[in-house]
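Chains, contacts and geometry: an overview
Each chain is listed here by its residues.
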Amino acid sequence: MSAQWRERGPDSRHLTPMREGQLDTIMAIENAAYALPWTRGNFVDSIASGYLAHCLLDEHDVVLGYSVAMRAADEIHLLNLTVAQHEQGRGHARHMLDILVAGSREASATQLWLEVRESNSRARELYRRYGMAEVGLRKGYYPAAAGLKRATREDAVVMRLALEEVT
Ligand SMILES: CC(C)(COP(=O)(O)OP(=O)(O)OC[C@H]1O[C@@H](n2cnc3c(N)ncnc32)[C@H](O)[C@@H]1OP(=O)(O)O)[C@@H](O)C(=O)NCCC(=O)NCCS
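Here is a short report on the structure shown in this document.

What counts and what doesn't
Residues numbered from 1 in each chain as written. Predicted model: local features only at pLDDT ≥ 70, side-chain atom pairs only at ≥ 80, totals over all residues. Heavy atoms only, no water. Buried < 20%, exposed > 50% of the residue type's maximum accessible area, 1.4 Å probe, protein only. Helix = DSSP H or I, 4+ residues; strand = E, 2+ residues; numbered from the N terminus. Arc of directions from axis to C-beta. Contact = heavy atoms within 4.5 Å. Near = heavy atom within 4 Å. Polar contact = N/O pair within 3.5 Å; in protein donor to acceptor, adjacent residues only side chain to side chain. Areas by Shrake-Rupley, 256 points an atom, 1.4 Å probe, with all protein chains shown as cover. Nonpolar A, V, L, I, M, F, W, Y, C, P; charged D, E, K, R; others polar. Phe/Tyr/Trp six-rings, centres within 6.5 Å; stacked < 30°, edge-to-face > 60°. Axes fitted to C-alpha atoms, helices over the stretch in contact; angles between N-to-C directions. Parallel < 35°, antiparallel > 145°, perpendicular 65-115°, else oblique. Left-handed = near helix turned anticlockwise from the far one by under 90°.

**Section: helix α1 (residues 23–33)**
When we look at burial in α1, the residues that qualify are Leu-23, Ile-26, Met-27, Ile-29 and Glu-30. Across the axial projection of α1, the buried residues extend over an arc of 165°, all falling on one side. Turning to α1, the residues buried within the fold contact α2 (40–48), β2 (52–57), β3 (63–72) and β4 (75–83).

**Focus: the site of the ligand**
Neighbouring residues of the ligand: 19 residues in total, closest Leu-81, Val-83, Gly-89, Gly-91 and Asn-120. One nitrogen or oxygen atom from the side chain of Gln-88 is found 3.2 Å from an oxygen atom belonging to the ligand. Between an oxygen atom of the ligand and a main-chain N or O atom of Gly-89, the distance comes to 2.7 Å. For the ligand, the protein covers 75% of the area, taking 930 Å² as the surface of the free molecule. Elements represented by at least two residues in the shell around the ligand include exactly β4, α3 (92–106) and α4 (121–129). Top contributing element to the shell around the ligand by residue count: α4, with six residues. The residue makeup of the shell around the ligand, split by class, is eight nonpolar, six polar and five charged.

**A look at the packing of aromatic side chains**
Under the counting rule described, the total for this entry stands at three aromatic pairs. Ring plane angle 50° and centroid distance 5.0 Å describe the contact between Trp-38 and Phe-43, whose orientation is recorded as tilted. For Phe-43, a relative accessible area of 0% translates into the label buried. Relative to Tyr-142, the ring of Tyr-141 has its centre 5.0 Å away and its plane inclined at 90°; by these criteria the two rings are edge-to-face. By relative accessible area, Tyr-142 is classed as buried at 16%.

**Structural notes on the packing of α1 against α2**
One way to put it is that α1 packs onto α2 with a least axis distance of 10 Å and a crossing angle of 130°. Relative to α2, α1 is oriented oblique. Both α1 and α2 take part in a crossing whose hand is right-handed. Residues Leu-23, Asp-24, Ile-26, Met-27 and Glu-30 of α1 form the contact with α2, whose participating residues are Arg-40, Phe-43 and Val-44. Looking at the contact of α1 with α2, its residues break down into five nonpolar, no polar and three charged.

What follows is the structure, given as C-alpha coordinates:
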(Lines give C-alpha, C1' and ligand atoms only; values in the text may rest on other atoms or scores of the structure.)
Protein backbone atom coordinates (compact mmCIF):
# COMPACT_ATOMS: atom_id res chain seq x y z
CA MET A 1 0.00 0.00 0.00
CA SER A 2 1.42 3.40 -0.83
CA ALA A 3 -1.19 5.72 0.56
CA GLN A 4 -0.06 9.32 0.90
CA TRP A 5 -1.33 10.28 4.30
CA ARG A 6 -2.52 13.80 4.47
CA GLU A 7 -1.12 16.28 6.89
CA ARG A 8 -3.62 17.51 9.42
CA GLY A 9 -3.46 20.51 11.66
CA PRO A 10 -2.43 24.12 11.29
CA ASP A 11 1.24 23.93 12.35
CA SER A 12 4.28 23.90 10.09
CA ARG A 13 5.18 20.25 10.62
CA HIS A 14 4.49 18.15 7.60
CA LEU A 15 4.71 14.50 6.75
CA THR A 16 6.31 13.29 3.53
CA PRO A 17 7.03 9.85 2.11
CA MET A 18 10.51 8.74 3.19
CA ARG A 19 13.18 9.18 0.50
CA GLU A 20 16.61 7.58 0.23
CA GLY A 21 18.13 11.07 0.25
CA GLN A 22 16.95 11.44 3.85
CA LEU A 23 18.62 8.28 5.07
CA ASP A 24 21.86 9.90 6.33
CA THR A 25 19.81 12.00 8.75
CA ILE A 26 17.49 9.13 9.59
CA MET A 27 20.43 6.83 10.38
CA ALA A 28 21.94 9.43 12.71
CA ILE A 29 18.63 9.65 14.60
CA GLU A 30 18.17 5.87 14.57
CA ASN A 31 21.69 5.14 15.84
CA ALA A 32 21.25 7.62 18.68
CA ALA A 33 17.84 6.22 19.65
CA TYR A 34 18.42 2.46 19.86
CA ALA A 35 20.99 0.04 21.21
CA LEU A 36 20.07 -2.18 18.26
CA PRO A 37 19.16 0.25 15.49
CA TRP A 38 17.73 -0.63 12.12
CA THR A 39 20.32 -0.75 9.37
CA ARG A 40 20.26 1.55 6.37
CA GLY A 41 19.28 -1.53 4.38
CA ASN A 42 16.18 -2.01 6.55
CA PHE A 43 14.99 1.47 5.55
CA VAL A 44 15.95 1.00 1.88
CA ASP A 45 14.04 -2.29 1.81
CA SER A 46 11.04 -0.71 3.53
CA ILE A 47 10.86 2.04 0.91
CA ALA A 48 11.39 -0.44 -1.94
CA SER A 49 8.68 -2.73 -0.55
CA GLY A 50 6.12 0.05 -0.52
CA TYR A 51 5.81 0.11 3.24
CA LEU A 52 4.18 3.15 4.79
CA ALA A 53 7.45 4.97 5.43
CA HIS A 54 7.19 8.65 6.28
CA CYS A 55 9.26 11.50 7.68
CA LEU A 56 7.96 14.32 9.81
CA LEU A 57 9.71 17.54 8.72
CA ASP A 58 9.82 21.03 10.19
CA GLU A 59 9.25 24.22 8.20
CA HIS A 60 12.86 24.00 6.89
CA ASP A 61 12.39 20.36 5.87
CA VAL A 62 14.63 19.16 8.71
CA VAL A 63 13.72 15.62 9.79
CA LEU A 64 12.04 15.62 13.23
CA GLY A 65 11.15 11.95 13.22
CA TYR A 66 9.88 9.09 11.11
CA SER A 67 7.61 6.11 11.07
CA VAL A 68 7.52 2.85 9.14
CA ALA A 69 4.42 0.68 9.04
CA MET A 70 3.33 -2.30 7.02
CA ARG A 71 -0.12 -3.26 5.90
CA ALA A 72 -1.12 -6.92 6.12
CA ALA A 73 -4.71 -7.63 5.10
CA ASP A 74 -6.85 -5.25 7.14
CA GLU A 75 -4.23 -4.68 9.82
CA ILE A 76 -1.41 -2.16 10.13
CA HIS A 77 1.83 -3.10 11.88
CA LEU A 78 3.86 -0.19 13.17
CA LEU A 79 7.48 -1.27 12.76
CA ASN A 80 9.38 1.88 13.68
CA LEU A 81 8.43 5.18 15.31
CA THR A 82 11.29 7.46 16.27
CA VAL A 83 11.72 11.14 17.12
CA ALA A 84 15.10 12.91 17.11
CA GLN A 85 16.37 13.14 20.67
CA HIS A 86 16.39 16.94 20.88
CA GLU A 87 12.84 17.05 19.50
CA GLN A 88 11.27 14.59 21.93
CA GLY A 89 8.50 15.61 24.30
CA ARG A 90 6.92 18.06 21.84
CA GLY A 91 4.09 15.89 20.62
CA HIS A 92 5.76 14.75 17.40
CA ALA A 93 5.17 11.04 18.05
CA ARG A 94 1.54 11.64 18.92
CA HIS A 95 1.22 13.72 15.74
CA MET A 96 2.67 10.91 13.60
CA LEU A 97 0.34 8.42 15.28
CA ASP A 98 -2.62 10.71 14.55
CA ILE A 99 -1.76 10.71 10.86
CA LEU A 100 -1.05 6.97 10.80
CA VAL A 101 -4.37 6.20 12.47
CA ALA A 102 -6.31 8.56 10.21
CA GLY A 103 -4.70 7.07 7.09
CA SER A 104 -5.25 3.54 8.33
CA ARG A 105 -8.91 4.20 8.96
CA GLU A 106 -9.31 5.79 5.53
CA ALA A 107 -7.79 2.63 4.08
CA SER A 108 -10.36 0.60 6.06
CA ALA A 109 -7.80 -1.05 8.29
CA THR A 110 -9.35 -2.36 11.48
CA GLN A 111 -6.41 -2.73 13.84
CA LEU A 112 -3.01 -1.23 14.51
CA TRP A 113 -0.40 -3.51 16.07
CA LEU A 114 3.09 -2.96 17.42
CA GLU A 115 5.74 -4.52 19.62
CA VAL A 116 7.67 -2.49 22.16
CA ARG A 117 10.51 -3.44 24.48
CA GLU A 118 9.25 -4.17 27.94
CA SER A 119 11.81 -1.72 29.38
CA ASN A 120 10.75 1.13 27.06
CA SER A 121 8.45 2.79 29.55
CA ARG A 122 8.37 6.06 27.65
CA ALA A 123 7.09 4.48 24.47
CA ARG A 124 4.67 2.22 26.38
CA GLU A 125 3.27 5.29 28.12
CA LEU A 126 2.90 7.07 24.79
CA TYR A 127 0.96 4.16 23.32
CA ARG A 128 -1.07 3.57 26.48
CA ARG A 129 -2.15 7.20 26.62
CA TYR A 130 -2.99 6.91 22.95
CA GLY A 131 -5.53 4.26 23.83
CA MET A 132 -3.58 1.18 22.84
CA ALA A 133 -4.03 -1.95 24.91
CA GLU A 134 -1.22 -4.27 26.01
CA VAL A 135 -2.53 -7.59 24.77
CA GLY A 136 0.41 -9.96 24.92
CA LEU A 137 4.05 -10.66 25.57
CA ARG A 138 6.57 -12.16 23.16
CA LYS A 139 9.22 -13.85 25.28
CA GLY A 140 12.82 -13.05 24.30
CA TYR A 141 11.64 -11.24 21.16
CA TYR A 142 14.46 -8.71 21.09
CA PRO A 143 18.07 -9.82 20.76
CA ALA A 144 20.57 -8.62 23.32
CA ALA A 145 22.53 -5.51 22.48
CA ALA A 146 26.04 -6.09 21.12
CA GLY A 147 28.44 -7.31 23.78
CA LEU A 148 25.73 -8.61 26.09
CA LYS A 149 24.99 -12.25 26.75
CA ARG A 150 22.18 -14.15 25.08
CA ALA A 151 20.45 -14.42 28.46
CA THR A 152 19.71 -10.71 28.29
CA ARG A 153 17.26 -11.02 25.40
CA GLU A 154 14.25 -8.87 26.16
CA ASP A 155 10.53 -9.53 25.99
CA ALA A 156 8.28 -7.53 23.70
CA VAL A 157 4.96 -6.16 24.83
CA VAL A 158 2.38 -6.55 22.06
CA MET A 159 0.01 -3.60 21.79
CA ARG A 160 -3.13 -3.17 19.75
CA LEU A 161 -5.46 -0.36 18.83
CA ALA A 162 -8.90 -1.18 17.48
CA LEU A 163 -9.23 1.52 14.83
CA GLU A 164 -12.99 1.48 14.66
CA GLU A 165 -13.04 2.50 18.33
CA VAL A 166 -10.92 5.63 17.75
CA THR A 167 -12.95 8.83 17.70
C1 LIG B 1 8.93 7.14 22.26
C2 LIG B 1 9.06 8.37 21.37
C3 LIG B 1 8.76 7.99 19.94
C4 LIG B 1 8.09 9.45 21.87
O5 LIG B 1 8.19 10.56 21.00
P6 LIG B 1 7.85 12.04 21.49
O7 LIG B 1 7.71 12.89 20.29
O8 LIG B 1 8.83 12.45 22.52
O9 LIG B 1 6.43 11.82 22.20
P10 LIG B 1 5.32 12.94 22.35
O11 LIG B 1 5.97 14.25 22.63
O12 LIG B 1 4.40 12.85 21.18
O13 LIG B 1 4.60 12.48 23.67
C14 LIG B 1 3.43 11.73 23.58
C15 LIG B 1 3.31 10.92 24.85
O16 LIG B 1 4.55 10.26 25.11
C17 LIG B 1 4.78 10.21 26.50
N18 LIG B 1 5.98 10.95 26.81
C19 LIG B 1 6.58 11.90 26.08
N20 LIG B 1 7.67 12.35 26.69
C21 LIG B 1 7.76 11.64 27.85
C22 LIG B 1 8.69 11.61 28.92
N23 LIG B 1 9.75 12.43 28.94
N24 LIG B 1 8.48 10.74 29.93
C25 LIG B 1 7.42 9.92 29.92
N26 LIG B 1 6.50 9.90 28.93
C27 LIG B 1 6.68 10.75 27.91
C28 LIG B 1 3.63 10.81 27.14
O29 LIG B 1 2.73 9.74 27.41
C30 LIG B 1 3.02 11.70 26.10
O31 LIG B 1 1.66 11.76 26.34
P32 LIG B 1 0.92 13.18 26.49
O33 LIG B 1 0.94 13.78 25.12
O34 LIG B 1 -0.45 12.79 26.98
O35 LIG B 1 1.73 13.97 27.50
C36 LIG B 1 10.48 8.99 21.47
O37 LIG B 1 10.80 9.17 22.84
C38 LIG B 1 11.54 8.18 20.79
O39 LIG B 1 11.79 8.33 19.60
N40 LIG B 1 12.21 7.31 21.58
C41 LIG B 1 13.30 6.48 21.05
C42 LIG B 1 12.79 5.47 20.05
C43 LIG B 1 11.69 4.61 20.61
O44 LIG B 1 11.77 4.09 21.71
N45 LIG B 1 10.65 4.44 19.79
C46 LIG B 1 9.51 3.60 20.11
C47 LIG B 1 9.81 2.20 19.73
S48 LIG B 1 8.39 1.15 19.99
